[in-house]
Structures are given as structure tokens and as C-alpha cells.
Amino acid sequence: MSRKSYMQAINEALAQEMERDPTVVVFGEDNVGGTGSPGEIDAWGGVMGVTKGLYGKFPNQILDTPISESAFIGAAAGAACSGLRPVAELMFVDFMGVCFDQIFNQAAKFRYMFGGKARTPMVIRTMYGAGIRAASQHSQALYPIFTHIPGLKVVIPSNPYDAKGLLIASIRDDDPVIFFENKVLYAIEGEVPDEPYTIPLGEAEIVREGEDVTIVAIGRMVSMAEQAAASLADDGIEVEIVDPRTLSPLDEDTIYESVENTGRLVVVDEAYPRCSMASDISALVAQNCFEHLKAAPKMVTAPHTPPPFSGSLEDLYVPDPEKVANAVRETVGQGVAS
Amino acid sequence: MTESEVAGARERHEELDKGALLDAYRTMRTIRDFEERLHTEFATGEIPGFVHLYAGEEAIAAGFMAHLDGDDYVASTHRGHGHSIAKGCDVKGMMFEIYGKDAGICRGKGGSMHIADLDKGMLGANGIVGGGPPLVCGVGLSAKVRGTDQVAVSFTGDGGANQGTVFESMNLASAWDLPVIFVIENNGYAEATAQAFSSKGIDIAKRADGFSMPGVVVDGHDFFAVHEAAGEAIRRARQGGGPSLIECKVNRYYGHFEGDAQTYRGENEVENVRKEKDCLMLFRQRVTSAGLLDEAELDKIDEEVKNLIDEAVREAKEAPEPSPENLTTDVYVSY
Ligand SMILES: Cc1ncc(C[n+]2csc(CCOP(=O)(O)OP(=O)(O)O)c2C)c(N)n1
Ligand SMILES: [Mg+2]
């Protein structure tokens with residue numbers, strides 16, 4: 001066990017899987033980061049440095065790509081059907097717009113359309129989220145769009161330990177997985193075992209136990225919920241925090257069990273509010289736990305607005321601990337007394 | 001002299017008379033100072049987000065925009081400051097924008113990567129590589145349908161040239177005979193990845209043949225070469241002769257974005273270019289040795305531009321932030 005950053009945890013998962021299985025290949029723009037250039041060939045290791053050092057260890061398993069997302073994301077699907085386990089990087093999730101077809105209509109559909117005859121063991125790693133003043137085309141939290149599509153799995157680790165275990169599980173999974181990394185979390189450190197391990201896809205984690213209100217928080221929002229929980233505890237409100245870790249498949253049972261106990265739900269989601277994880281989970285809980293609910297489910301999300309550039313606006317854009325705590329207080333004050 | 005006169009070329013200059021040369025120099029100098037100043041200011045940590053500098057590539061923006069009217073359109077890239085200045089965007093408004101201020105050209109909502117001013121025919125810098133070429137096809141169609149002689153120019157990097165949208169747009173423009181010019185700014189790298197790898201080091205202009213349009217390579221450091229090639233393509237487009245592809249070979253002076261350590265670059269790569277091929281240096285040598293302009297005229301522009309940039313930075317730092325209500329305005333026309 002040692003302390004590692006979220007970024008190191010991902011790098012280590014990739015390295016260990018490439019080592020274990022030579023059919024694991026990694027590619028994306030600047031993943032080596034200098035191919036063909038006169039200076040250092042592996043200068044970058046990805047735009048944020050996540051794949052740094054892999055080229056030195058696995059020169060035959062990592063490739064740079066031209067800026068041709070449709071081609072190389074589609075190539076990941078084709079390679080997955082023909083004997084490889086590709087891990088393609090699509091830098092910022094916002095760029096998925098360029099290559100949706102290869103994901104939605106190709107990779108996601110093979111298994112079903114071909115009558116169960118295909119396996120497409122591919123992972124697309126991608127960065128999401130606001131917080132670095134990167135404006136509207138580099139800051140979105142588009143995981144609900146992928147969760148909407150049958151045939152895709154969607155994974156979203158909130159901490160370094162989960163990042164490693166979930167990525168290894170995603171690489172070993174036989175279906176296409178979209179793996180969402182939060183760019184603000186890259187530097188966050190935590191305890192991460194040195195040896196390889198997996199966290200099953202579709203299992204939520206109870207991050208904090210409490211009796212009064214259930215908070216379901218997605219990705220980076222888990223830490224917002226934890227900060228809110230600490231301040232709420234000072235006021236005698238005990239929240240239970242559920243981190244789904246996988247959005248598709250979604251561990252509905254763990255969420256329902258928690259809500260059956262607390263009777264109150266707040267979902268914290270960095271995505272836009274319409275057709276989001278927040279609205280999806282609220283709807284599921286309303287349908288499946290209605291008799292246990294003491295108040296209407298609440299959502300804390302970004303507004304129905306593109307992410308702004310200016311820091312003073314962006315700071316208002318992302319849900320923060322105060323907004324989460326306010327939502328919890330409102331739900332406690334509402335409905336049937338506990 | 002008003003702010004916008006200081007900023008750069010506004011009039012169409014097909015012939016390079018004295019006024020045109022002074023305008024071109026002012027445009028290039030304004031871009032250079034703007035970018036070098038951002039380079040220094042970024043290092044202080046005061047500038048948020050991603051900043052991609054155009055320094056070294058100024059002759060391309062100046063050479064093309066000299067042929068464009070205010071109602072012609074350009075679509076730019078993430079490296080968009082130079083195109084924006086040359087197309088006539090307000091320099092102070094741009095600086096305010098890069099600092100995320102309310103008085104910014106996009107009200108602080110876009111930042112460096114999204115500088116745009118449709119009233120000036122600037123369709124926007126672009127955060128999506130390959131985002132611009134389809135847009136200029138639309139402008140070309142608009143001009144054709146409305147029967148104007150407007151043209152549209154898209155700028156794309158060597159890396160962006162490999163994006164499917166760029167190929168599709170060239171084909172569409174060709175099929176529809178659109179008054180569109182595709183400019184490839186080949187600076188040898190897409191982020192850290194060399195063009196020698198990503199498109200095998202070919203002349204990207206050769207791809208024009210596959211779309212049945214003329215394609216030429218020009219030295220992007222040489223304002224006069226760019227101006228000439230641009231003039232020919234733009235005139236042809238205005239006269240209904242269809243699209244063209246122009247590849248400008250050039251170098252970028254700074255990293256892909258500010259903060260890039262650039263260990264992928266060759267030894268003294270940039271220093272050598274600065275010494276031998278700097279576009280401002282070449283321009284100055286050429287116009288003074290030919291007796292077209294004298295040093296004093298150029299020095300005066302240098303001085304004026306320096307003052308403009310100083311003022312822009314000083315005011316941008318002090319300017320007010322956007323107010324919180326602006327977070328949710330302008331999502332739609334109706335709110
Ligand atoms: C669709 C898309 N893919 C990838 C990126 C990330 N990206 C931004 S700039 C860039 C390199 C562009 O290189 P080039 O087109 O040569 O332009 P240059 O930066 O050299 O001016 C990349 C990969 C992006 N913004 N959009
Ligand atoms: Mg380039």
C-alpha cells in the first residue's frame with residue numbers, strides 16, 4: 001500500500017494490464033506524445049501526463065494517433081472484435097461529438113445486432129468536468145449521454161483507489177466501457193495498493209453511513225458531499241453517501257436500501273440537470289421507494305447552461321458543499337417529520 | 001487615432017501600396033506584442049485556462065485578411081488570437097476576454113479559445129479541432145444563395161488537417177463550388193506529435209487534387225508570398241471559381257499552450273527560425289531595402305502598438321468580473 005495520486009493510479013492500472021496481457025494496447029492523441037518529433041519521443045504522455053512513461057516500458061503497445069477521432073475510436077471497436085483489448089483515450093469528453101457514430105451505432109450495438117456473437121472489449125478513457133477555466137467545449141460532464149445508450153458501460157471513479165480497481169476491471173470486461181476521469185481529481189492522493197486488483201462494475205460504495213438523508217453523488221461530487229456531510233453533522237444531521245462508481249450498470253439496490261432507511265434523497269451531479277444522472281436516479285427512487293420517501297427527491301446539479309470561462313462564473317456553476325448542505329437541510333425540513 | 005485603427009488592417013488591400021504595407025505591419029506587430037505579452041503575463045498565474053499563442057505565424061493572418069472585407073468571414077482554431085486581431089476584433093475587448101472580464105468581447109464567457117465577433121466576420125476561435133471548415137462551407141452557401149461576392153476562409157492546423165470534418169468540408173465545397181478557402185497552417189506539430197508522423201510529412205496541399213481544387217504551398221513566414229497566394233485564391237472564389245487549399249509552412253515560437261515544456265522540439269529549433277525567418281524581420285528588411293517604407297515609420301507603429309497592449313493589459317487586470325446573473329443568460333435568444 002502506498003499513497004498515490006488519481007493520475008498515478010490510472011497510469012499504474014494501465015501499466016499492470018499491459019504487462020499482464022500483451023493484447024492490451026493504448027492509443028490516443030499524444031499518448032506517447034512526441035512521435036516523429038526531433039526531440040523527446042515520449043515528451044507528453046497524454047495532455048495531462050496520465051500515460052507518461054508507458055512508452056519506455058511497452059513501446060509496442062502504445063501509439064500516438066493523428067487527430068482523427070472517428071477513425072481511431074472506430075479502430076478501437078474493430079480491434080476489440082478481432083483480438084485486442086484497446087484502451088483508447090479521447091482527451092476531453094466534449095470531443096466525443098466528433099466520433100459518436102463509432103461509439104453509439106458501432107461498438108455499442110455489435111453484441112445485440114449480431115445476435116450475441118460479438119465481444120467488444122474496449123475502453124475509452126476520457127476527461128470530464130469543470131473547474132479549470134477551460135470553457136464550454138472542454139468542461140462538460142457528458143456521462144448521462146453514454147448512460148442512455150444500451151450496450152455501453154459507464155464508469156466514473158471518485159478517488160485514486162477506485163480509479164485503479166475500476167480501470168483494471170474495465171479493461172478485463174468484455175463490453176465497451178467509457179471510463180470518465182475528472183481532471184480536477186488527477187492530483188488528489190489516496191492509499192492505493194501496489195498489486196493489481198479489480199472493483200466489480202455495477203457495485204456502489206457507501207462512502208459514509210447516516211440515518212437522516214441519502215446523498216447519491218457522482219464522481220468528483222462525492223468529495224463535495226463529504227464536505228457537506230461534515231458540516232451537517234455539526235448540526236446533528238447524519239447523511240449517508242452513496243457513490244455509484246458505475247453509472248451503467250447502476251447499482252440500484254444499494255441506493256434503494258439506503259433510501260428505505262433514510263426516507264430522503266439528494267442527488268449531486270455535475271452534469272446538466274435535464275436527462276441527467278440526478279433526474280434518472282430521482283425518477284428511479286420515486287418509482288421504486290415511493291412508500292419510504294418522507295420528502296420529494298432533490299437534485300443539485302449544474303444549471304441548464306454551458307460551462308462558462310470566467311472563474312467568477314465557473315465557481316458558481318459547479319455544485320459545491322454549501323449547495324449540497326442547503327439541499328439536505330431543505331429536504332430535512334420538508335414533508336413528513338422523521 | 002482610434003483604438004480600432006491602431007489594431008490592424010481594416011480595409012481590403014489587394015494592391016500593396018504604402019497604406020497597405022503599413023496596415024500589414026501594424027497587424028503583425030499587434031499580434032506579436034499581444035502574444036508575447038500574454039506569454040509573460042501567463043507566467044505570473046493571473047491568466048486562467050488554456051492559452052495557445054500565434055507568435056511566429058503572424059504573416060499568414062495578415063496576408064489573408066488583407067484581401068478580406070468586413071463582411072467576409074473567417075473561422076479560426078484554438079490558436080485564434082492572430083486571426084481575430086487581423087480580422088478586426090477589438091484588441092482591448094480580446095484582452096478583457098482572456099482575463100475573463102465582463103467587458104470582454106464574449107462577456108468573459110468564452111475566453112481565449114472562443115474569441116468571436118460576428119459583426120467583424122470572425123466566426124470564432126474554436127476549441128474543437130476541425131470545427132471551423134464545415135462552418136465556412138455554410139458561409140459560402142449563404143453567399144451563393146444570397147448572390148453576394150462574399151468569401152469565407154477557414155484556418156486549420158497540420159494536425160487538424162487529419163480531422164474527418166476537414167476532408168468532408170473540402171469535398172462539399174468542391175461539389176457545391178463554394179467561395180471558400182481552406183488554409184492549413186502547418187507548423188510541424190499538433191501538440192507534441194510531429195506532422196512527419198501524423199501525415200507522413202507530406203505537403204498537405206497535395207490533398208487538394210483529391211477534391212478537384214487548386215492546392216499550393218507557401219512560406220508562411222513571408223507576408224508577400226502569403227499575400228500573393230491568398231489574393232489569387234480569394235479572387236477566384238469571389239468570381240465563382242470555387243474553393244482552394246493553401247498550405248502555409250510555418251513555425252510556432254512558443255509551446256502548444258502556455259506551460260508546455262516542449263522537450264519534443266529540436267535543439268535551437270525556434271531560435272534559428274527567429275534569427276533567419278521571423279516574419280516581422282523579413283518584412284522590415286524587404287520594405288526598407290526596397291525604399292517602400294522607412295525605419296521611422298515602422299518604429300512609430302511599434303511604439304503605438306506597445307502602448308495599446310500596455311493599456312489593454314492594465315485595464316483588463318482592473319476590469320470588473322462578470323456579475324453572477326450572467327451565468328444563466330444568453331443560453332438561448334430568449335434568455
Ligand atoms: C476534436 C478535438 N480533438 C483534439 C483536440 C485537442 N487538441 C487541441 S489543439 C490540438 C493540436 C492541434 O494541432 P494543429 O491542428 O496542428 O494546430 P496547432 O496547435 O499546431 O496550431 C489538439 C490535439 C481538440 N481540441 N479537439
Ligand atoms: Mg500544428
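Rules used throughout
- Residues numbered from 1 in each chain as written.
- Chains lettered and ligands numbered in written order.
- Predicted model: local features only at pLDDT ≥ 70, side-chain atom pairs only at ≥ 80, totals over all residues.
- Heavy atoms only, no water.
- Helix = DSSP H or I, 4+ residues; strand = E, 2+ residues; numbered from the N terminus.
- Rg over C-alpha atoms; globule rule 2.2 N^0.38 Å.
- Buried < 20%, exposed > 50% of the residue type's maximum accessible area, 1.4 Å probe, protein only.
- Contact = heavy atoms within 4.5 Å.
- Lys, Arg positive; Asp, Glu negative; His and termini not counted.
- Charge placed at Lys NZ, Arg CZ, Asp CG, Glu CD.
- Arc of directions from axis to C-beta.
- Domains from an automatic or database assignment.
- Buried area = accessible area lost by both parts, 1.4 Å probe.
- Salt bridge = Lys/Arg side-chain N within 4 Å of Asp/Glu carboxyl O.
- Polar contact = N/O pair within 3.5 Å; in protein donor to acceptor, adjacent residues only side chain to side chain.
- Nonpolar A, V, L, I, M, F, W, Y, C, P; charged D, E, K, R; others polar.
- Core = buried A, V, L, I, M, F, W, Y, C linked by side-chain atoms within 4.5 Å.
- Pairing = 2+ DSSP bridges.
- Axes fitted to C-alpha atoms, helices over the stretch in contact; angles between N-to-C directions.
- Near = heavy atom within 4 Å.
- Areas by Shrake-Rupley, 256 points an atom, 1.4 Å probe, with all protein chains shown as cover.
- pLDDT = per-residue confidence, 0-100.
- Phe/Tyr/Trp six-rings, centres within 6.5 Å; stacked < 30°, edge-to-face > 60°.
- Lys NZ or Arg CZ within 6 Å of the ring centre and 35° of its normal.

Peer 1: I tried to follow the overall build of chain A on my own but got confused; where do I start?
Peer 2: When you go through chain A residue by residue, the secondary structure sums to 12 helices and 14 strands. Compactness check: chain A gives a C-alpha radius of gyration of 20 Å against a globular reference of 20 Å for 338 residues, within 12% of the reference. Judged by the C-alpha coordinates and their principal axes, chain A covers about 65 × 45 × 40 Å. A burial count over chain A gives 60% of its 338 residues as buried. For chain A, the share of sequence-separated contacts (at least 6 apart) that also reach a separation of at least 24 residues comes to 81%. Across chain A, the 25 positively charged side chains and the 47 negatively charged ones have centroids separated by 3 Å.

Peer 1: Explain unusual backbone geometry to me, please; I cannot follow it from the model alone.
Peer 2: Cis rather than trans, the peptide bond between Ser248(A) and Pro249(A) has omega equal to 0 degrees. Position of Pro249(A) relative to the elements: it lies in the loop between strand 12 (246–248) and helix 9 (252–262). Of note, the phi angle at Lys200(B) is positive, near 55 degrees, even though the residue is not glycine. Structurally, the position occupied by Lys200(B) is in the loop between helix 8 (195–198) and helix 9 (207–210). Despite not being glycine, Ser212(B) has its phi angle at roughly 55 degrees, a positive value. Taking relative accessible area as the criterion, Ser212(B) reaches 63% and is therefore assigned exposed.

Peer 1: I would appreciate a short explanation of helix 11 (residues 269–277) of chain B in the present structure.
Peer 2: Three- or four-residue spacings in an α-helix give side chains the same orientation, since the helix completes a turn every 3.6 residues. All names here are of chain B. The set of residues buried in helix 11 consists of Glu269, Val270 and Val273. Seen along its axis, helix 11 keeps its buried residues to an arc of 90 degrees; they face one direction. Across helix 11 from its buried face, at more than 90 degrees, point the exposed residues Lys275 and Glu276. Where helix 11 is buried, its residues touch strand 4 (189–190).

Peer 1: Explain the domain arrangement of chain A here, please?
Peer 2: By a widespread convention, an interface's size corresponds to the accessible area lost as its parts come together. All names here are of chain A. Domain assignment breaks chain A into domain 1 (2–192) and domain 2 (205–331). A C-alpha centroid distance of 27 Å is found between domain 1 and domain 2. At the boundary of domain 1 with domain 2, total buried surface from both sides reaches about 2,100 Å², with 56% on carbon and sulfur atoms. Between arginine 133 and glutamate 314 there is a salt bridge, with its nearest N and O atoms 2.8 Å apart. Scanning the region where domain 1 abuts domain 2 turns up 16 residue pairs in polar contact (both at pLDDT 80 or more). Secondary structure elements with two or more residues in the side of domain 1 that touches domain 2: helix 6 (143–147), strand 6 (153–155) and helix 7 (160–172). Each residue belonging to the side of domain 1 that touches domain 2 can be placed in one class, and the counts come to 17 nonpolar, 8 polar and 3 charged.

Peer 1: What's the story with the nonpolar core in this structure? I'm lost.
Peer 2: One recurring pattern in soluble globular proteins is that nonpolar side chains are buried together. All names here are of chain A. With 97 residues, the main nonpolar core has Ile103, Tyr143, Phe146, Phe180, Ile255, Ile281 and Val285 as its most contacted residues. By residue number, the principal contributor to this core is helix 1 (residues 6–20), which donates 7 residues. The contacts of isoleucine 255, once residues within four sequence positions are left out, are Val216, Val242, Leu250, Ile281 and Val285.

Peer 1: Sorry, what's going on with the sheet that holds strand 3 (residues 180–186) of chain B here?
Peer 2: The strands that make up a sheet pair up through hydrogen bonds in the backbone, lying either parallel or antiparallel. Residues and elements named next belong to chain B. The 5 strands are arranged 1-2-3-7-6 in an open sheet whose pairing can be described as parallel. Of all strands in the sheet, those bounded by a partner on one side alone are strand 1 (73–75) and strand 6 (215–219). Across the sheet, the axes of successive neighbouring strands diverge by a mean angle of 20 degrees, strand direction being ignored. Contacting strand 1, strand 2 (152–157) and strand 3, helix 6 (residues 132–146) runs over the sheet at an angle of about 170 degrees to strand 2.

Peer 1: I would appreciate a short explanation of the site of ligand 1 in the present structure.
Peer 2: Around ligand 1 lies a shell of 22 residues, among which Glu69(A), His78(B), Arg79(B), Gly127(B) and Gly160(B) are the nearest. Those residues lying near ligand 1 are distributed over chains A and B. Within the backbone of Gly160(B), a nitrogen or oxygen atom sits 2.7 Å from an oxygen atom of ligand 1. Contact between ligand 1 and Glu191(B): a nitrogen atom at 3.3 Å from a side-chain N or O atom of the residue. Contact with the protein chains removes 97% of the 580 Å² of surface that ligand 1 exposes when unbound. Along the lines of polarity and charge, the residues of the shell around ligand 1 split into 8 nonpolar, 9 polar and 5 charged.

Peer 1: Mind showing me how you'd approach the confidence of the model for chain B here?
Peer 2: Keep in mind that low pLDDT regions are not for reading the predicted coordinates in detail. Residue and element names in this part refer to chain B. When pLDDT is averaged along chain B, the result is 96; 97% of the residues meet or exceed 70. With pLDDT under 50 throughout, residues 1–9 is counted as low confidence; its partners more than four residues away or in other chains account for 24 contacts. Scored by ipTM, the complex comes to 0.96, with pTM at 0.96.

Peer 1: Help me understand the sheet that holds strand 10 (residues 213–217) of chain A in this model?
Peer 2: All names here are of chain A. If you trace the 5 strands from one edge of the open sheet to the other, you get 9-11-10-13-14, paired in mixed fashion. Strand pairing shows two members of the sheet lacking a second neighbour, strand 9 (205–208) and strand 14 (298–300), which therefore form its edges. When the angles between neighbouring strand axes are averaged without regard to direction, this sheet yields 25 degrees. Here strand 9 pairs with strand 11 (residues 239–243) via 3 bridges, running antiparallel. For isoleucine 206, the partnering residue across the bridge sits in strand 11 and is valine 242. Relative to strand 13 (residues 265–268), helix 10 (residues 277–288) is tilted by about 160 degrees, and along the sheet it contacts strand 10, strand 13 and strand 14. Here helix 12 (residues 321–332) sits on the sheet and contacts strand 10, strand 11, strand 13 and strand 14; the angle it forms with strand 14, its principal contact strand, is near 170 degrees.

Peer 1: Help me out: how do you make sense of the packing of aromatic side chains in this one?
Peer 2: Aromatic ring pairs are described here by two measures, namely the spacing of the ring centres and the angle between the planes. Taken as a whole and judged by the stated rule, the model has 24 aromatic pairs over all chains. Ring centres of Tyr128(A) and Phe180(A) lie 6.0 Å apart, and the angle between their planes is 75 degrees; on these two criteria the pair is classed as edge-to-face. Residue Tyr128(A) is located in strand 5 (residues 123–128), and its partner Phe180(A) is located in strand 7 (residues 177–182); the two are separated by 52 residues in the primary sequence. Here Tyr128(A) and Phe180(A) have matching classes, each one buried. Put simply, the rings of Trp44(A), Phe92(A), Phe95(A), Phe50(B), Tyr189(B), Phe257(B) and Tyr264(B) touch in pairs and so form one group of aromatic residues. Directly above the aromatic system of Phe224(B) lies the positively charged group of Arg286(B), at a separation of 4.1 Å from the ring centroid.

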